[in-house]
Amino acid sequence: QVQLVESGGGLVQPGGSLRLSCAASGIIFRIYVMGWYRQAPGKQRELVATISSGGSPSYADSAKGRFTISRDNVKNTVYLQMNSLKPEDTAVYYCSARSTMYGSNWGQGTQVTVSS
């Protein structure tokens, strides 16, 4: 049974910070590309950041310089540190896990709201 469980979302003021966590089970975590996506109301789901099995990160332009993705292969957890948050960052954030051999999986999502 594959499970991806996100946590850490909430309400934060503009300029504030949040750290999202995604705990994975039921997969060989160390071989998966992990990622964070988000979906705002009325918008399609979009890529925020990915991290390779070897720890190499990649970011959407909107996230560069503000967000940091990391992974812990002992805890089977991927993180997204979000700084300097803006109202346009408001969305449901989803954790993803992808392998060319075993396919992809999604978490249930966690709400991030940036508002004063």
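Presented here is an overview of the structure given in this document. (Residues numbered from 1 in each chain as written. Predicted model: local features only at pLDDT ≥ 70, side-chain atom pairs only at ≥ 80, totals over all residues. Heavy atoms only, no water.)

1. Let's talk about the environment of valine 33
Consideration 1: Inspection of the secondary structure assignment puts valine 33 in strand β4 (residues 33-39).
Consideration 2: According to the relative accessible area criterion, valine 33 is partly exposed, its value standing at 23%.
Consideration 3: Along the backbone, valine 33 and valine 112 are 79 residues apart, and their C-alpha atoms lie at a distance of 23 Å.
Consideration 4: Residues in contact with valine 33, not counting those within four places in the same chain, are Thr50, Ile51, Ser52, Arg71, Ser96, Ala97 and Arg98. (Helix = DSSP H or I, 4+ residues; strand = E, 2+ residues; numbered from the N terminus. Buried < 20%, exposed > 50% of the residue type's maximum accessible area, 1.4 Å probe, protein only. Contact = heavy atoms within 4.5 Å.)

2. Side note on the pairing of strand β11 (residues 110-114)
Consideration 1: The alternating pattern of β11 places Thr110, Val112 and Val114 on a buried face, while none of Gln111 and Thr113, on the opposite face, is buried.
Consideration 2: For strand β2 (residues 10-12) and β11, the ladder comprises three bridges, and the chain directions are parallel. Paired with glycine 10 across the bridge in β11 is valine 112.
Consideration 3: Examined bridge by bridge, strand β9 (residues 91-99) and β11 share three bridges and lie antiparallel to one another. Bridging across to β11, valine 92 finds its partner in glutamine 111. (Pairing = 2+ DSSP bridges.)

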